[in-house]
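The residues making up each chain are set out below.
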Amino acid sequence: MTKTIELIFDFVSPNAYLIWSPLRALAEKHGATIEVTPAFLGGMHKLTGNAPPFVRDADVKGKNDYAMLEINRFIAKHRLTKFKMNPKFPFNTITLLRMLVALDPNERAGFVETLLPAIWEQGLDVTDSEALGKILDDGGFDAEALFEKTQDPAIKQALIDNTEHAVERGAFGIPTMFVDGEIYFGKERLGQIDEQLSAA
């Protein structure tokens, strides 16, 4: 039976970019599949009372400096040297997430793979419809059809439902992973996920 890693995902989180390639490598190591579940991070924060760490910890002496140190260690370890903070960060990802919801689940990983480098390596302005559409078309997606689907009430509701359900299951931020019902939060949990998959 194929093992599954469910990834609660939003493009706006730098950590979603940072964990993506290492998580894919881990899944490949164990013959597991990654199931991408789109959820709106802003909605998760509102529902849980959480806040972005660099905002939440701004008044804690040394904490954000240490967080940057850990990010740089992670980047070095996993050779993610193309990473650049997006100049438009934080940006609105509702359109991207609705597109992700509209796709067949088997197409979602490819969609993520197409957009993450554009956003977190090339500085794509995700609110620039023309630039976004070109990247999607070049990646083999029908951008016009996806833009149209973002206005479908059922797609809008599905994203709301995904976000609420993720919170109900204990998620409060991105990236959150579920493996056999066990929850893991943050890119620092790759080792724990590795151990669980090894024991399965």
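Above this text you will find the structure in question.
Not measured: the values here are computed from a predicted model.

Participant: Can you explain the overall build of the protein chain? Please cite residues and give values.
Facilitator: Check the secondary structure of the protein chain and you find ten helices and four strands. Counting from the amino terminus, the protein chain carries its helices and strands in the arrangement β-α-β-α-α-α-α-α-α-α-α-β-β-α. The C-alpha radius of gyration of the protein chain comes to 17 Å, within 12% of the 16 Å expected for a compact globule of 200 residues. Across its three principal axes, the protein chain shows a C-alpha extent of roughly 45 × 45 × 35 Å. Counting across all 200 residues of the protein chain, residues that qualify as buried make up 44%. The contacts of the protein chain with a sequence gap of at least 6 include a subset with a gap of at least 24, amounting to 73%. Counting 21 positive and 29 negative side-chain charges, the protein chain places the averaged centre of each group 7 Å from the other.

Participant: Which residues make up the layout of surface pockets, and what are the values?
Facilitator: Any space left empty among the atoms is revealed by the rolling of a water-sized probe across them. In this structure, the second largest pocket encloses a volume near 260 Å³. Along the walls of the second largest pocket sit 15 residues, with Phe74, Lys77, His78, Lys187 and Leu190 positioned nearest its centre. Broken down by element, the residue count for the lining of the second largest pocket peaks at six residues, all from helix α4 (residues 63–78). Taken together, the residues of the lining of the second largest pocket break down into six nonpolar, two polar and seven charged.

Participant: If you had to explain the nonpolar core to someone new, which residues and values would you point to?
Facilitator: In globular proteins that are soluble, nonpolar side chains generally tend to be buried together. The biggest cluster of nonpolar side chains holds 59 residues, and the ones touching the most others in it are Ile5, Phe9, Phe11, Leu23, Phe111, Leu115 and Ile119. Beyond its immediate chain neighbours, meaning those up to four positions away, phenylalanine 11 contacts Phe91, Thr93, Leu96, Leu97, Leu100, Phe111, Val112, Leu115, Leu116, Ile119 and Trp120.

Participant: Account for the sheet that holds strand β1 (residues 4–9), with residues named and values stated.
Facilitator: On the basis of which strands lie adjacent, the open sheet formed by four strands has the order β2-β1-β3-β4 and mixed pairing. Two strands close off the open sheet at either side, each with one partner strand: β2 (33–38) and β4 (182–185). Put simply, the sheet's adjacent strands are angled 25 degrees from each other on average, direction ignored. When β1 meets β2, the two strands line up parallel, connected through six bridges. Bridged to glutamate 6 within β2 is glutamate 35.

Participant: Which residues make up the packing of helix α1 (residues 14–30) against helix α6 (residues 108–120), and what are the values?
Facilitator: One can describe the packing of α1 onto α6 by two numbers: an axis separation of 10 Å at closest approach and a directional angle of 130 degrees. With respect to each other, α1 and α6 are oriented oblique. As for the relative orientation of α1 and α6, their crossing is left-handed in sense. Between α1, through Pro14, Ala16, Tyr17, Trp20 and Arg24, and α6, the contact on the second element is made entirely by Ala109, Val112, Glu113, Leu116 and Trp120.

Participant: Pulling in residues and values, what's your account of the pairing of strand β3 (residues 176–179)?
Facilitator: Because side chains alternate across β3, one face comprises the buried residues Thr176 and Phe178, and the other comprises Met177 and Val179, equally buried. Strand direction decides the pairing type here: β1 and β3, joined by three bridges, are antiparallel. Opposite leucine 7, over in β3, you have methionine 177 as the bridge partner. Here β3 pairs with β4 via four bridges, running antiparallel. When the bridges of β4 are listed, methionine 177 appears paired with tyrosine 184.

Procedures and definitions
- Residues numbered from 1 in each chain as written.
- Predicted model: local features only at pLDDT ≥ 70, side-chain atom pairs only at ≥ 80, totals over all residues.
- Heavy atoms only, no water.
- Helix = DSSP H or I, 4+ residues; strand = E, 2+ residues; numbered from the N terminus.
- Rg over C-alpha atoms; globule rule 2.2 N^0.38 Å.
- Buried < 20%, exposed > 50% of the residue type's maximum accessible area, 1.4 Å probe, protein only.
- Contact = heavy atoms within 4.5 Å.
- Lys, Arg positive; Asp, Glu negative; His and termini not counted.
- Charge placed at Lys NZ, Arg CZ, Asp CG, Glu CD.
- 1 Å grid on protein atoms, 1.4 Å probe; cavity = no way out; pocket = protein on both sides within 12 Å on 5 of 7 lines; lining within 4 Å.
- Points joined across faces, edges and corners; volume = space filled by probe spheres on them.
- Nonpolar A, V, L, I, M, F, W, Y, C, P; charged D, E, K, R; others polar.
- Core = buried A, V, L, I, M, F, W, Y, C linked by side-chain atoms within 4.5 Å.
- Pairing = 2+ DSSP bridges.
- Axes fitted to C-alpha atoms, helices over the stretch in contact; angles between N-to-C directions.
- Parallel < 35°, antiparallel > 145°, perpendicular 65-115°, else oblique.
- Left-handed = near helix turned anticlockwise from the far one by under 90°.

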